[in-house]
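# Results of the structural survey
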Amino acid sequence: MRVYRPPPPREPPVSAAPHATDVEHLDVLIIGAGISGIGAGRYLTAELPGKDFAILEARADCGGTWDLFRYPGIRSDSDLHTFGYAFKPWRQRESIADAPQILSYLRETVRENDLERRIRYRHRVLGASWSTAEARWTVEVERADTGQRLTLSCDWLFSATGYYRYDQGYTPEFEGLERFGGTVVHPQHWPADLDHGGKRVLVIGSGATAVTLVPAMADRAAHVTMLQRTPTYIMPVPRRDAVANLLRRLLGDERGYALARRKNIAQQYAVWSFCRRHPKAARRIIRWVNTRQLPRGYPVDEHFSPPYDPWDQRLCAVPDGDLFKAIKGGRASVVTDRIRTFTERGVQLESGRELAADLVVTATGLNVQAFGGIPMSVDGTPVDLADTVAYKGMMLSGVPNFAYAIGYTNSSWTLKVGLLCEHFCRLLAHMDRHGQRICRPEVADPAMPTRPFLDFAAGYIRRAVDGLPRQGDRGPWLTSTSYRDDTRLLAADSVADPELHFSPGPVPAAAR
């Protein structure tokens, strides 16, 4: 058996270079140069041009997810008129875009906003500590290319690290895996030299990655089988948004994009709201659409009827129904069963059936990791994320001058990131106007009930939820999943709040 595994995380070298004698200080330090970090950098550049900031990126290039993942067919499952930035029109004809298109869009954003000079590649953050006496963060960093250790300080720390581990995807323990005579690969670590042409491919999983891989590999593989324990709600969507393209032609890129964005935001909200309010009707509609896409007599209920309601987990979109076309054309199939054990030739299922395979793809999910797994402390006390409560979905109770960007799970990720970045810039401007240096959210009611920060039924969330922050049952501690509500909370509402405490910080030594 050949198993493609990621290299283990590199330990700091024993003979690491000593700390620099002079500590560089920044107004804001952004961690991560993916779609969130690039967006945060652009908002700071546009809204607060006087702020000195840097973006630390552990990898060798920007783009985050869209540079990391290289598996066949990788694409967005949100339309780029809402997944793109509000300030930068999406000019491609495809609304559902592939990774190279998205990566090109992000790199254009970096160039257009002169962010390349702000990004420091191969800089991995080892830890961050806050000092109230100094009103600043001290951040320990390692250069991945040289092993050099350095120390930075900043007034504000902004986490744009996403929500999962970049160095390791999730693969469950499979009995008998060592006996398998073929190749096993996880989509997060797809090797450039892997050729699936003419092979029998078994994709384990039923989420967005699996439904992307199956049709993308079916064109060259002998056959692709998607093996799932539980079905997922899947809906076909047009790869190209005809209305959006028409608006751009008639009104130009800026106005056409703005109108298409508003249309798609409303459309996303309408679909999500309908599914939540009328789950039985939504289930019937989805089933009817699936039946029309699949061959006559296909067992739709067995393979495409989940036991949960629509949007209890994320609904998977397939552009132009490509997954259904691959099934209808006989190039792909779906099996709903559980793995008993791997064999030399493939996998044996609990039903007794054996699926033969030359290549197994474990599209079994991600390992959730909050804030890049970076250890933080406040005045010498380590921050336990499970003891914190999320404030406005962008800060943590008891942790001063720290903000983060976590997007939506029920619509386009970037919609919320944009609102958070705008609010963050307004918060910093407010503090400058009033001579404040420290900002700390504190829960006024210790008896306030709390619940998981990510109230989502997906397996990758459930595995990590006990180590994540909590959310409350009322504002500003309730993490909204509604763009409309967040527009009022983050874009229109004041940054000042009774449960957000400001202070001028320590008096400089010269003044004393």
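We now turn to the structure provided with this report. (Residues numbered from 1 in each chain as written. Predicted model: local features only at pLDDT ≥ 70, side-chain atom pairs only at ≥ 80, totals over all residues. Heavy atoms only, no water.)

### Let's talk about the overall build of the protein chain
Looking only at helices and strands, the protein chain has 13 helices and 26 strands in total. Taken over C-alpha atoms, the radius of gyration comes to 24 Å for the protein chain, in line with the 24 Å a tight globule of 512 residues would show. Counting only C-alpha atoms, the protein chain reaches 80 × 55 × 50 Å along its principal axes. Taking all 512 residues of the protein chain together, 52% fall into the buried category. Here the protein chain displays about 22,800 Å² of accessible surface, and carbon together with sulfur accounts for 50% of that area. Across the protein chain, 65 positive and 58 negative side-chain charges occur, with their mean positions spaced 6 Å apart. (Helix = DSSP H or I, 4+ residues; strand = E, 2+ residues; numbered from the N terminus. Rg over C-alpha atoms; globule rule 2.2 N^0.38 Å. Buried < 20%, exposed > 50% of the residue type's maximum accessible area, 1.4 Å probe, protein only. Areas by Shrake-Rupley, 256 points an atom, 1.4 Å probe, with all protein chains shown as cover. Lys, Arg positive; Asp, Glu negative; His and termini not counted. Charge placed at Lys NZ, Arg CZ, Asp CG, Glu CD.)

### Notes on the side chain of T161
As for its position among the elements, T161 is in the loop between β7 (149–159) and β8 (183–185). With a relative accessible area of 15%, T161 lands in the buried category. A distance of 3.1 Å separates the side chain of T161 from the side chain of S159, its partner in a polar contact. A distance of 3.0 Å separates a polar side-chain atom of T161 from the backbone nitrogen of G372. Ignoring any residue separated from it by four or fewer positions in sequence, one finds T161 in contact with I31, Y166, F371 and G372. (Polar contact = N/O pair within 3.5 Å; in protein donor to acceptor, adjacent residues only side chain to side chain. Contact = heavy atoms within 4.5 Å.)

### A look at the packing of aromatic side chains
Inspection of every chain in the model, using the stated rule, returns 25 aromatic pairs. Ring geometry for Y85 against Y105: centres 5.9 Å apart, planes inclined by 20 degrees, an arrangement best described as stacked. With Y85 in the loop between α3 (80–83) and α4 (99–112) and Y105 in helix α4, the pair connects residues that are 20 residues apart, well separated along the chain. The residues Y85 and Y105 share a single accessibility class, namely buried. Aromatic side chains F402 and Y404 sit 6.3 Å apart centroid to centroid with 35 degrees between the ring planes, which places their arrangement in the tilted category. Like Y404, F402 is buried. Three or more aromatic residues joined by ring pairs form one cluster here, namely F69, Y71, Y163, Y164, Y166 and W413. Directly above the aromatic system of Y43 lies the positively charged group of R42, at a separation of 5.4 Å from the ring centroid. R42 extends its terminal NZ or CZ atom over the ring of F87, reaching a point 4.1 Å from the ring centre. (Phe/Tyr/Trp six-rings, centres within 6.5 Å; stacked < 30°, edge-to-face > 60°. Lys NZ or Arg CZ within 6 Å of the ring centre and 35° of its normal.)

### Let's talk about the sheet that holds strand β15 (residues 346–349)
The sheet built from three strands is open, its strands ordered β14-β15-β16 with antiparallel pairing. This sheet does not close on itself; its edge strands, each paired only once, are β14 (339–342) and β16 (354–356). Along the sheet, successive strands turn relative to each other by an average axial angle of 25 degrees, direction set aside. Of the pairings in the sheet, the one linking β14 to β15 comprises three bridges and is antiparallel in character. Bridging from a neighbouring strand, T341 pairs with Q348 of β15. (Pairing = 2+ DSSP bridges. Axes fitted to C-alpha atoms, helices over the stretch in contact; angles between N-to-C directions.)

### Focus: α4
For α4, with 14 residues, the first-to-last C-alpha span of 20 Å sits near the 20 Å given by 1.5 Å per residue. The complete set of buried residues in α4 reads A99, I102, L103, Y105, L106, T109 and V110. The arc that holds every buried residue of α4, seen down its axis, measures 155 degrees, which confines them to one face. Every exposed residue of α4 that faces more than 90 degrees away from the buried side is listed here: P100, R111 and E112. Those residues of α4 that are buried lie in contact with α1 (35–47), α2 (65–68), α3, β4 (119–121) and α7 (253–277). Phi turns positive one or two residues past the end of α4, at D114, with a value near 55 degrees. (Expected span 1.5 Å × (residues − 1). Arc of directions from axis to C-beta.)

### Here we look at the packing of helix α6 (residues 242–251) against α7
Their axes nearest at 7 Å, the elements α6 and α7 cross at an angle of 150 degrees. With respect to α7, the axis of α6 lies roughly antiparallel. With respect to the hand of their crossing, α6 and α7 are arranged in right-handed fashion. Mapping the contact onto sequence places V243, A244, L247, R248 and L251 in α6 and D253, R255, G256, Y257, L259, A260 and K263 in α7. Residues belonging to the contact of α6 with α7 are distributed by class as follows: seven nonpolar, one polar and four charged. (Parallel < 35°, antiparallel > 145°, perpendicular 65-115°, else oblique. Left-handed = near helix turned anticlockwise from the far one by under 90°. Nonpolar A, V, L, I, M, F, W, Y, C, P; charged D, E, K, R; others polar.)

### Digging into the pairing of strand β9 (residues 200–204)
Taken across its five residues, β9 has four buried, putting it largely inside the fold. Sheet analysis places β9 next to strand β10 (residues 223–228), joined by five bridges and oriented parallel. When the bridges of β10 are listed, V203 appears paired with M226. Between the parallel elements β9 and β10, the chain passes through helix α5 (residues 208–218) in a crossover that is right-handed. Pairing of β9 with strand β17 (residues 359–362) involves four bridges; the strand directions are parallel. Opposite L202, over in β17, you have V360 as the bridge partner. (Right-handed = clockwise from strand over helix to strand, strands pointing away.)

### A closer look at unusual backbone geometry
In this structure, the amide linkage connecting G475 to the following residue, P476, adopts the cis form with an omega of 0 degrees. Backbone geometry at D320 places phi at a positive 55 degrees, although glycine is not the residue there. If you trace the backbone, D320 turns up in the loop between β12 (316–319) and α10 (322–328). Since its relative accessible area comes to 38%, D320 is described here as partly exposed. Here the phi dihedral of F371 falls at roughly 55 degrees; this positive angle occurs in a residue that is not glycine.

### A look at the nonpolar core
Residues W137, W156, F158 and F304 are the most contacted members of the largest nonpolar core, which totals 128 residues. Ranked by residue count, the leading element in this core is helix α11 (residues 413–433), at twelve residues. In terms of nonpolar packing, the next biggest core, distinct from the first, is built from 14 residues, L177, L227, L349 and L355 among them. (Core = buried A, V, L, I, M, F, W, Y, C linked by side-chain atoms within 4.5 Å.)

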